[in-house]
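# Overview (structure and organization)
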Amino acid sequence: MTEIQNLSSEVLEGLALRQLFAGLTKHKVGYAVLRNHEQLPDRVGSRDIDLLVHPDDRAAAHGVAFDLAKEFDLLISDLYHDDMFSSLWLYRRMNDGAPFTLSIDFFPGRRVYGVELYDVEDALSNLRSHRGIPVVREPFVFLDKWLYHVMVGQPTPAKYDDLFAGIAERHFDELLAHLETFLGPEDARKAMRTVRDGRSSTLQPRSVRERMGMLGARLNLQNLSGPLAFLAYRLRDQFRLRGLFLSISGPDGAGKTTVIDLVIEQLKAIYGEKAVNYAHFRPTMLPRIAEIAKKARAVETVDENYDEPHRAKSSGFAGSAARLVYYWLDYMGGYFRSVHPVLRRREVMLFDRYYYDMIADSFRSRIALPMPLLRVMGRLLPLPQYAFFIRVDPKEIHRRKQELTMERIVELNGRYGDLVRHGWLVPVDNDGAAEAAAAAIVDHIVTDRDTRARRTLNKGK
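As a starting point, this report considers the structure included with it.

Reading the values: rules and limits
Residues numbered from 1 in each chain as written. Predicted model: local features only at pLDDT ≥ 70, side-chain atom pairs only at ≥ 80, totals over all residues. Heavy atoms only, no water. Buried < 20%, exposed > 50% of the residue type's maximum accessible area, 1.4 Å probe, protein only. Helix = DSSP H or I, 4+ residues; strand = E, 2+ residues; numbered from the N terminus. Pairing = 2+ DSSP bridges. Contact = heavy atoms within 4.5 Å. Polar contact = N/O pair within 3.5 Å; in protein donor to acceptor, adjacent residues only side chain to side chain. Expected span 1.5 Å × (residues − 1). Core = buried A, V, L, I, M, F, W, Y, C linked by side-chain atoms within 4.5 Å. Axes fitted to C-alpha atoms, helices over the stretch in contact; angles between N-to-C directions. Patch = residues over 30% accessible without salt bridge, like charges linked within 9 Å, V, L, I, M, F, W, Y side chains within 5 Å. Areas by Shrake-Rupley, 256 points an atom, 1.4 Å probe, with all protein chains shown as cover. Salt bridge = Lys/Arg side-chain N within 4 Å of Asp/Glu carboxyl O. Lys, Arg positive; Asp, Glu negative; His and termini not counted. Charge placed at Lys NZ, Arg CZ, Asp CG, Glu CD.

A word on the pairing of strand S3 (residues 75-81). The buried count for S3 comes to five of seven residues, which makes it a mostly enclosed element. Examined bridge by bridge, S3 and strand S4 (residues 86-93) share six bridges and lie antiparallel to one another. Across the sheet, the residue bridging to Asp78 is Trp89, located in S4. Hairpin connection, S3 to S4: the antiparallel pair is bridged by four residues.

Shown next as structure tokens:
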């Protein structure tokens, strides 16, 4: 373990990749690299490595990847499986504090709505070899990416224009024969000419009706299991959300913003640059109460002095209750409008403060109600999977944020601490370097996800 820890990320990546390919070969897994093979086996060369695996060998391939995680003491930061692919994301924190990540996707073919776009047996026959690693032939590189985009109604990115043009030039007749079964002879020839001319990205997406007709024409009683499996997995994913929902709370002056920026940076490295979504305090499906009051001409101006969030007096009981119900509705409705879609896409939703701060620091929302009542209302909401409290010594907070009295800081820390004791928040100390606090948050999340993933993998054995 110590030897692995002292390796650089680049060296570890090369060792892990070689071990992966050696394991797949040892267990006689029928596989080939789908794309971006040029830097293998030293580097992935892209965000993840995409492997085409024979459906009969899918379980064996999963076992090889699981053994790889154990061999190099890697945590499983994400595990996903459906009819189209299996995804295993591996993670380790290196000596320099940077996260090492390796993402492996196993494809038992390329499917759209459960319909196969090409025959896996054909794709895994007559393979190319790159430094001893099997790679699919160029026609299947094209079909796997280009035909998939056509069938889901999306234009292919312009960055593939030159690549596809070269493949179309070298394999025109073979690709044309395959595309004719989807597009028809005339449309297939027109599309291939456009691709060969380097203008693949200019092709207009086809309508839903056209695409459904193409896919439907390939269905029969023998291959209906594919679309049925697709529907079953999509239904599952409506209820078993695979995204990551977290919040980070704490009083002003705890260094929360700095920690959150570092956490976001690391989560992007693990789950993807575009997969991390950020929001502050509440979903804001409903506008601020002050804005409503201004529109109703109950007030002339909206107070936007955010540097002093505790400046206003709390409302009375009736006003506090009304505010609580209003914000509660925003959390409930906003979750289904803004958060749920993110989690369904397997992305990350991070909140700087959440309903927990409505409980612990209700003063900033002008709510003066008992904490037990606020907790009861919170139990009715969809809450984050992971919620953290940035804990700092009150004297240090007062040094950073002198707008707050020492008495108020102690009170706030106590109220957040009460949520910790009730199991709502996980405390993270931030009296030292913010990098250490951010690492503690990310490692807590990944360790928990690793435990869940291994439990799932063990059940599948």
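Alright, that's what it looks like, and here's the rest.
Structurally, Asn430 is set in the loop between strand S14 (426-429) and helix H18 (434-459). C-alpha separation for the pair Asn430 and Val259, spaced 171 residues apart in sequence, amounts to 8.5 Å. What Asn430 contacts, discounting residues up to four positions off in sequence, is Ala254, Gly255, Val259, Ile390, Arg391, Val392, Arg400 and Ala437. Looking at Asn430, its side chain comes within polar contact range of the main-chain oxygen of Ala254, at 2.8 Å.

On to the side chain of Ser77, then. By the secondary structure assignment, Ser77 is in strand S3. Leave out the neighbours within four places in its chain, and Ser77 touches Trp89, Leu90, Tyr91, Ile270, Tyr271, Val446 and Arg449.

Below, the discussion takes up helix H3 (residues 58-71). Counted at 1.5 Å a residue, the expected span for H3 with its 14 residues is 20 Å, and the 20 Å between its end C-alpha atoms agrees. Those residues of H3 not exposed but buried are Arg58, Ala61, Val64, Ala65, Phe66, Leu68 and Ala69. At the exit of H3 stands Asp73, carrying a positive phi of roughly 55°.

This part is about the nonpolar core. Nonpolar side chains in soluble globular proteins tend to end up buried together. Counting residues in hydrophobic clusters, the biggest one holds 40 residues, and the most contacted among them are Phe142, Trp146, Leu179 and Leu183. For this core, the elements supplying multiple residues, two or more each, are helix H4 (120-123), helix H5 (138-151), helix H6 (161-170), helix H7 (172-183), helix H8 (185-196) and helix H9 (208-216). A per-element tally of this core places H5 first, with eight residues. Non-local contacts of Trp146, meaning those with residues more than four positions away in its chain, are made with Thr156, Phe164, Leu179, Leu183, Ala191, Val195, Ser200 and Leu203. In terms of nonpolar packing, the next biggest core, distinct from the first, is built from 36 residues, Leu20, Ala61, Val64 and Phe106 among them.

Spatial ordering of the open sheet is given by S11-S12-S10-S13-S14, a layout of five strands whose pairing is parallel. Edge positions in the sheet fall to strand S11 (276-280) and S14, since each has one partner strand and no second. Mean inter-strand twist for the sheet, computed between neighbouring axes without regard to direction, equals 25°. Two strands pair when backbone bridges link them, and strand S10 (residues 244-249) and strand S12 (residues 348-352) are joined in this way by five bridges, in the parallel orientation. Paired with Leu246 across the bridge in S12 is Leu350. Contacting S10, S11, S12 and strand S13 (386-391), helix H11 (residues 256-271) runs over the sheet at an angle of about 175° to S12. Contacts from helix H17 (residues 406-421) reach S10, S13 and S14, with the element oriented near 145° to S13.

Attention now moves to a negative patch on the surface. On the surface, a cluster of negative charge is contributed by Asp56, Asp119, Glu121 and Asp122. Mapped onto the secondary structure, Asp56 falls in the loop between strand S2 (49-53) and H3.

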